[in-house]
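Architecture at a glance
Chain by chain, the residues run as shown.
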Amino acid sequence: MLAVQGLSKSFAGVHAVREVSFGLEAGHMLALIGPNGAGKSTCFQCINGQLRPDAGTVRLDGADVSGLAVADRARLGMGRTFQIAQVAASLTVRQHVGVALAARRRGGWLRPRPRGLPAPAAEIDPWLDRFGLAARGDAVCGELPYPELKRVELACVLAQRPRVLLMDEPTAGMTRDDRHALMRVVREEARRGLAVLFTEHSMDVVFGFADRVLVMVRGAVVADGPPAEIERDPAVRAAYLGSAHGTGGLA
Ligand SMILES: Nc1ncnc2c1ncn2[C@@H]1O[C@H](COP(=O)(O)OP(=O)(O)OP(=O)(O)O)[C@@H](O)[C@H]1O
């Protein structure tokens, strides 16, 4: 579903990403990990089109999207969530999800907004339920606890029916219970066929939810495999033993 080949990016002599290649299948969850400054965010931004790589290609379900803008990649099925949830604080959960569902029907967020309720309740309610938001429909987003706000963001992104979802540190700042609750929802979506690529610093999330783990150190991929294999990899342990994040699940 996603194929990244030979991706490289430098900033004024800093090789942030060096010839990174990997593939991601539909229905799988791939964690991109590495110490601070390893190049995860840069890699992520090259994949979704925010940054233009110096070299390399990105394919989405076989189509070369390397030259496309963020919005065009999104239209072709590449969705993303942000490290800090991006939602409109003044809307209720129902309004927000309704707008997202209606945007999908219109073919994109930027089409003219229809009058009245953005999407019928019959469409919104099951969608709220799917993301554990059934009881929160009338709550104003700006007043929601952060873990629920993340679900609203997720519900809106997935309302666009992406085939690949990129999540930049999805559980940053959350408690262990909230991290796992969010990732269980994401895993359900993956089981429905969504391909998920996420960066993450919490090792309980990486080793509890990823089907595969890709480890970056100083811009390059140093390990790529199933979690159990990665946890034992000497190069990975060496990279983490020297990092600010400690060894987490690698201990
Ligand atoms: N816009 C930029 N200009 C200059 N250097 C940059 C820029 N963005 C990133 N870098 C550098 O590229 C390297 C990789 O940074 P990046 O943010 O991709 O790492 P990361 O693995 O996401 O780190 P973190 O876990 O701390 O978010 C670092 O040395 C960083 O300082």
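Residues numbered from 1 in each chain as written. Predicted model: local features only at pLDDT ≥ 70, side-chain atom pairs only at ≥ 80, totals over all residues. Heavy atoms only, no water.

**A closer look at the packing of aromatic side chains**
Under the criterion given, the structure shown has one aromatic pair. Taking NZ or CZ as reference, Arg 80 lies 4.2 Å from the ring centre of Phe 82, over its face. (Phe/Tyr/Trp six-rings, centres within 6.5 Å; stacked < 30°, edge-to-face > 60°. Lys NZ or Arg CZ within 6 Å of the ring centre and 35° of its normal.)

**Describing the site of the ligand**
In the vicinity of the ligand, the contacting residues are Phe 11, Val 14, Ala 16, Pro 35, Asn 36, Gly 37, Ala 38, Gly 39, Lys 40, Ser 41, Thr 42 and His 201. Between the ligand and Ser 41 there is a distance of 2.8 Å, counted from an oxygen atom to a side-chain nitrogen or oxygen. Coverage of the ligand by the protein amounts to 58% of the 640 Å² it exposes when considered alone. Put simply, the parts of the chain that give the shell around the ligand at least two residues each are β2 (14-24) and α1 (40-48). It is α1 that provides the largest number of residues to the shell around the ligand, a total of three residues. Per-class residue counts for the shell around the ligand are five nonpolar, six polar and one charged. (Near = heavy atom within 4 Å. Polar contact = N/O pair within 3.5 Å; in protein donor to acceptor, adjacent residues only side chain to side chain. Areas by Shrake-Rupley, 256 points an atom, 1.4 Å probe, with all protein chains shown as cover. Helix = DSSP H or I, 4+ residues; strand = E, 2+ residues; numbered from the N terminus. Nonpolar A, V, L, I, M, F, W, Y, C, P; charged D, E, K, R; others polar.)

**Describing the sheet that holds strand β1 (residues 2-11)**
Reading across from one edge, β2-β1-β4-β5 is the order of the four strands in this open sheet, with antiparallel pairing throughout. Only two strands of the sheet have a single neighbouring strand rather than two, namely β2 and β5 (63-64). Here α1 sits on the sheet and contacts β1, β2 and β4 (55-60); the angle it forms with β1, its principal contact strand, is near 120°. (Pairing = 2+ DSSP bridges. Contact = heavy atoms within 4.5 Å. Axes fitted to C-alpha atoms, helices over the stretch in contact; angles between N-to-C directions.)

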